[in-house]
Amino acid sequence: MMKKQNKILIANRGEIALRVIRACKELGIPCVAVYSKADQDSLHVKFADEAICIGEGRSAESYLNIKNVISAAIATGCNSIHPGYGFLAENEKFIELLERCGLTFIGPRSEVVRKFGDKALARRIAKEAGIPIVEGSEGIVRDLEEAKLVAARIGFPLMIKATAGGGGKGISVVRDCDELVKNFELTRMEAEANFGNPDVYLEKFIEKPRHIEIQFLADCFGNVVYFPERDCSVQRRNQKIIEESPSPFINEDLRRTLGEAAVRLVKATGYANAGTVEFIVDGEGRFYFLEVNARIQVEHPVTEELTGIDLVKEQIRIAYNDELSLKQEDIRIPGHALECRITAEDPLTFQPCPGPVKNLVLPGGPGVRIDTHLYNGYEVPPLYDSLLAKLVVFAPTRKEAIRKMRVALEQFIIDGVKNNIDILYLILHNTNFVRGIYDTGFMKSFMEILKGEL
Amino acid sequence: MNNFFDDRKAKLEIYQKNYRRKKEEVEKLTIPDGIFIKCPHCGDMVVRDDYERNFRVCPKCQYHERLNPRERIKITCDSFEELYAELRSVNPLDFPGYPEKLESYRTETGEEEAAVAGIGMIGGFKVAVAVLNSFFMMGSMGSVVGEKITRLAERALKERIPLLIFSASGGARMQEGIFSLMQMAKTAAAIRKYSDAGLLYISVLTNPTTGGVLASFAFLGDIIIAEPGALIGFAGKRVIQQTIKQDLPPNFQSAEFQLEKGFVDMVVCRAKMRDTILKLLRLHEVEKWTRN
Amino acid sequence: MELKEIQAIIRFFEKSTLTELEIEKGDFKIRLSKLQEKEKPQKEEKTEEAKDPELTEVRSPLVGTFYIKDQEGKDFVRPGDFVNEGDTLCLIEAMKIMNEITAPKSGVIQEIKLKNGDPVGFDQVLILLK
C-alpha cells in the first residue's frame, strides 16, 4: 500500500532481532542490525542487510545508548526503528526523540507508552474503563492505624509489601486484622534491614493467581482485535518459563470479557500497534488488571502459532499506516500452542551460565518452531539476558501439544552451555501441569519437589 | 572462524543479482536542527532539552557551562528585582577604543555592564544577589561593577539581609586603570562593614574567577562555594610557571585544588547549588535568635 | 617383567607420540594402543593483515557518517599525506553535529578505509596511519 521505500533499524539483539529481520525481509524492507562489540559474531549481525556497531558490550553503552542508536539509524539511511522487547522498547524519552527527529517508531506513541509506564496512572485508566484492578493502598502506609483503614477498604487477605523490595522479596501475607497487627511493624523492620527503607504499602492478595494476558493489535484507524489469552503462570521470580494459549483455565465467556476489556483500554488511550494487557485471575475466575506491556513480547510466537498471524509483520504494517489485515472474526482457536523458554541457566540454581555452544541439534517436524540466535561455535556472552531459544509447538489439542513438546525437548541438544531443557522436560511430565491445574505458585512447589527427589 | 557466513553471503549475492529488483534508494533522513548539542568540553552529544534541564551541565563529563546573570538568577531565585540598572560606564582615562568596546559588548550580550545586582527571594528568604557576567568583557571589574557590589552590600547591611554574590571574572578592568583597582578596596571595605554587623555573605566562585575580583570581594565570603571544575586563581598559570620556573600540578587553580588547599569551603555542583544556598540561609537565620 | 618395568613402559608410551606399541620378551608380551582422537578441526586462521607495530588504527569514537571531504569538496587528507599530531583527518557527523577526528600522532596516511558519506559504527577503523 505504501509506495515509499522504507528501511528499518532493529534496535535489539539476539533472537528477537533475528525475528524482526525475518519479518522485514519477507516484506521486502531493507533492515539494519545494530550490535555491541560483544555481539559482533551474533547471528542477527550476519543476517541483516547491513550492520553497524553502536558501542561497547555493556548495554548502557550500546543497546541502551539512545544517541548512538538514533545516530546509527540516520547514518545508515533508515526511516524507522523497531525496538524489539526490553532495552528501549518502552522508553518514552527515546520514542519522543524519534518522533521529534521524524523517525517512525514501530510501536505506540510516546504519550501512550508514558501513560502505561506510570503504574498508578495505568491503574486509574483501567478503573475508568471499567476494568477491576488489584486494590491497594495507593501509596506508602505510614502506620498501623492507616493500615487498618486501608484493610477495611480493600478487605483480606492482603499483602504488606516493601516499596524498596522486589523480585518477590519483602512481602508478608496477612489474612485478618490480628495478623495485620502482628506483622505490620515486623515487615517494616525487615524491610529496613534488608533494603534500607522501611516503607511499605498494602495490596490485596489474590489466592491461586494465574497470570493471563491478552495480546491485541490496533491500527491508526480505530480497528482493534484481540487474540486468545496466553497463560503465563509457570514463572519463577517473575520470569516466565512456559506459556500456552489458550489457557486450560479460561472459558469462552471469560475470554470474551478479558478481550473486550483489553479493547476498551486500547480505545480509551488511542493506542496503535501491538501490545498486551496483563491480568491476574483468581481461583474463582475473578480477574484484575495488572499492567499493559506496550511492546511486542517474548512470548508472541505462542499467539502466532495458534492463530497463524504474523504479529511482527502486522506491527510494521501498522507503523506505516496500513489498516489491520484481519478482523476479530478471523481469529479462531484451531488447536493449542505451547512455548518453552530455553535459557542458559544452571537447571537447579538458575545461575546464568554463558559460554560457547559446542554442538547444537534442533528438533523439528510438523507444528514445531524454534526461534533462536544460536549456532555451532557461537559464544553466549555474559552481558545480556540468558534467553537462548524459544521452542513453540502447535497441535490440535492440548494433550497432543504437550506430547509434541516432550518429543521436541528430547530432540533439542545444546551442548556446551548449561541450560534448562531437562527441567522443562520434567515440568512437561508433572501431573498438575498436564492436568492444567496450576497457578503462579507452580514453579516454587515444583522446584521443592524436584530438590526433594534429587 | 565465521568464514562460513561470509561464504554463504557471497554466494547468495551472486544468485540475488539475477533476481532482485533494482534497489531503490531510501531518502536519507535529515533531523531538525537543535535537537542535539555538543558539550563544549568533552564533545559528547546531549539532547538539548536534557542539557538545559540539567542547568547546562554535561551529564557525561560534568562540565559546567558558563551561565549569564539572567540564567543564574532564574535557577537560583524565585523572584528578582534588579537594582542600579541605570549605572553606566564612562571613559575616565580616555582609553582609546574603550567606549566602542563597551558598545559592542552591550549589543552582543544585551546587558549594560558586567554585573547584575538586586534583591531576590530564595525559598522565602529575602537576599541581596549579585551576579557577574563573564560574557561582558570577561566579567572585568570597572567602576560600575565595583559600585554595584558596594551599593548592594550597603543595601544588604541596611535591610539586614544575607548577601549572595556569584563571581565570574578575568580581573580588574584594564581600560579604567586605577579606578578599577580602587574598586577592590572599595568593595572590600563595604563588605567589611557588612560583615562587622554579623550578617551572612555567601560567595560563589564560578568559572573563571581570577585577578582583582578574586583578590577582593570574591574571596571575602563567610562561606566560599565553588562550582566543579571552575578556574579559580589570582595570576595566570603560565605567568606563575615562568616566574617560579617550576612545573605546576595538572589541576592547579581548579575548584577542587582550591578546596584541597583550603581556599574554598565547598565545591557544589550546579544541580545542588540552590538547595545548598537555601540550607545555609536557614542555618544562619541569625535574626531569629537574639543574643540576650 | 617386573611391575615397575611395565609401569615405566606404559609411562613412556603415554608420553610418546606412538599410537601402538608391542613388546615381546620371552613369554611376556604386552601390547599398548592409544584411542585415536578425532583430529580437532583446525581453527580457521583469521586472514588478518600482518599487524605492523608501527601502524596506528584511527578508530571512530562515535556512530555517524564519515566525511573525508570538507564543505568545498576538498579532501582533508589523502593516502601518502604526512600529518602532524592534532591535524584534522576527517569528520564524523552525528545527528547534524560535526565531530573532528584528529591524528593521535604524526605520521603518513597509509589507507583510508571508508568512502565519503559512508555510515560508520562505534570503534570502526577509519584510517591507517604509519
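So, here's what we can say about the structure.

Criteria and thresholds
Residues numbered from 1 in each chain as written. Chains lettered and ligands numbered in written order. Predicted model: local features only at pLDDT ≥ 70, side-chain atom pairs only at ≥ 80, totals over all residues. Heavy atoms only, no water. Helix = DSSP H or I, 4+ residues; strand = E, 2+ residues; numbered from the N terminus. Rg over C-alpha atoms; globule rule 2.2 N^0.38 Å. Buried < 20%, exposed > 50% of the residue type's maximum accessible area, 1.4 Å probe, protein only. Contact = heavy atoms within 4.5 Å. Areas by Shrake-Rupley, 256 points an atom, 1.4 Å probe, with all protein chains shown as cover. Lys, Arg positive; Asp, Glu negative; His and termini not counted. Charge placed at Lys NZ, Arg CZ, Asp CG, Glu CD. Buried area = accessible area lost by both parts, 1.4 Å probe. Salt bridge = Lys/Arg side-chain N within 4 Å of Asp/Glu carboxyl O. Polar contact = N/O pair within 3.5 Å; in protein donor to acceptor, adjacent residues only side chain to side chain. Disulfide = S-S within 2.5 Å. Nonpolar A, V, L, I, M, F, W, Y, C, P; charged D, E, K, R; others polar.

1. Things to note about the overall build of chain B
Counting its regular elements, chain B contains 10 helices and 10 strands. In summary, chain B has a C-alpha radius of gyration of 26 Å against a globular reference of 19 Å for 292 residues, an excess of more than 25%. If you line up chain B on its principal axes, its C-alpha atoms span 95 × 55 × 45 Å. Taking all 292 residues of chain B together, 46% fall into the buried category. Excluding contacts between residues fewer than 6 apart, the proportion of contacts in chain B whose partners are at least 24 apart in sequence is 67%. Roughly 15800 Å² of accessible area belongs to chain B as shown, and the carbon and sulfur atoms make up 54% of that amount. Positive and negative charge centroids in chain B, built from 42 and 38 side chains respectively, lie 4 Å apart.

2. Let's talk about the interface of chain C and chain A
In this assembly, 10 residues from chain C lie in contact with 14 residues from chain A. In this assembly, chain C packs against chain A so that about 910 Å² is buried in total across both faces, 69% of it on carbon and sulfur atoms. Its largest share of buried area at the contact with chain A, chain C owes to Val63, Met95 and Phe122 of chain C, together 63% of the area lost on that side. Scanning the region where chain C abuts chain A turns up 1 salt bridge. Between Asp123 of chain C and Lys37 of chain A there is a salt bridge, with the nearest N and O atoms lying 2.4 Å from each other. Counting the contacts that link chain C with chain A gives 3 residue pairs in polar contact (both at pLDDT 80 or more).

3. Describing the pattern of salt bridges
All names here are of chain A. Under the definition given, this model contains 65 salt bridges over all chains. In this structure, Glu213 and Lys240 form a salt bridge, with 2.9 Å as the shortest nitrogen-oxygen distance. Of this pair, Glu213 sits in strand β9 (residues 210-218) while Lys240 is found in strand β12 (residues 239-245), placing the two residues 27 residues apart along the sequence. Owing to a relative accessible area of 0%, Glu213 belongs among the buried residues under this scheme. Taking the shortest distance from any N to any O, the salt bridge between Lys418 and Asp346 comes out at 3.1 Å. Note that Lys418 is positioned in the loop between β21 (413-415) and α13 (421-427) and Asp346 in the loop between β15 (336-343) and β16 (355-356), a separation of 72 residues in sequence. Among the charged side chains, a salt-bridge network with shared partners connects Glu213, Arg230, Lys240, Glu243, Glu278, Glu299 and Arg341.

4. Observations regarding the state of the cysteines
Considering all chains together, one arrives at 0 disulfides over all chains under this definition. Between Cys90 of chain C, a cysteine without a disulfide, and Cys53 of chain A, which holds the nearest cysteine sulfur, the sulfur-to-sulfur distance is 17 Å. Under the relative-accessibility criterion, Cys90 of chain C is labelled buried at 1%.

5. Structural notes on the interface of chain A and chain B
Interface extent is often summarised as the accessible area lost during association of the parts. Chain A puts 24 residues into the contact, and the matching count from chain B is 19 residues. Summed over both partners, the interface of chain A with chain B comes to about 1900 Å²; 62% of that surface belongs to carbon and sulfur atoms. When the buried area of chain A at its contact with chain B is split by residue, Gln5, Lys67 and Arg100 of chain A rank highest and sum to 30% of it. Between the two partners, chain A and chain B, sit 3 salt bridges. For the salt bridge of Lys93 of chain A with Asp50 of chain B, the shortest nitrogen-to-oxygen distance reads 3.0 Å. Across the chain A-chain B interface, the total number found is 4 residue pairs in polar contact (both at pLDDT 80 or more). Along the lines of polarity and charge, the residues of the side of chain A that touches chain B split into 11 nonpolar, 6 polar and 7 charged.

6. Notes on the environment of Ile277 of chain B
Residue and element names in this part refer to chain B. Secondary-structure assignment places Ile277 in helix α10 (residues 270-283). The exposure class of Ile277 is buried, given its relative accessible area of 0%. Between the alpha carbons of Ile277 and Val131 there is a distance of 15 Å; along the sequence they are 146 residues apart. Dropping the residues within four chain positions of it, Ile277 is found in contact with Thr76, Ile122, Leu164, Phe166, Ile202 and Val204.

Everything listed here is a matter of geometry and, on its own, says nothing about what the molecule does.
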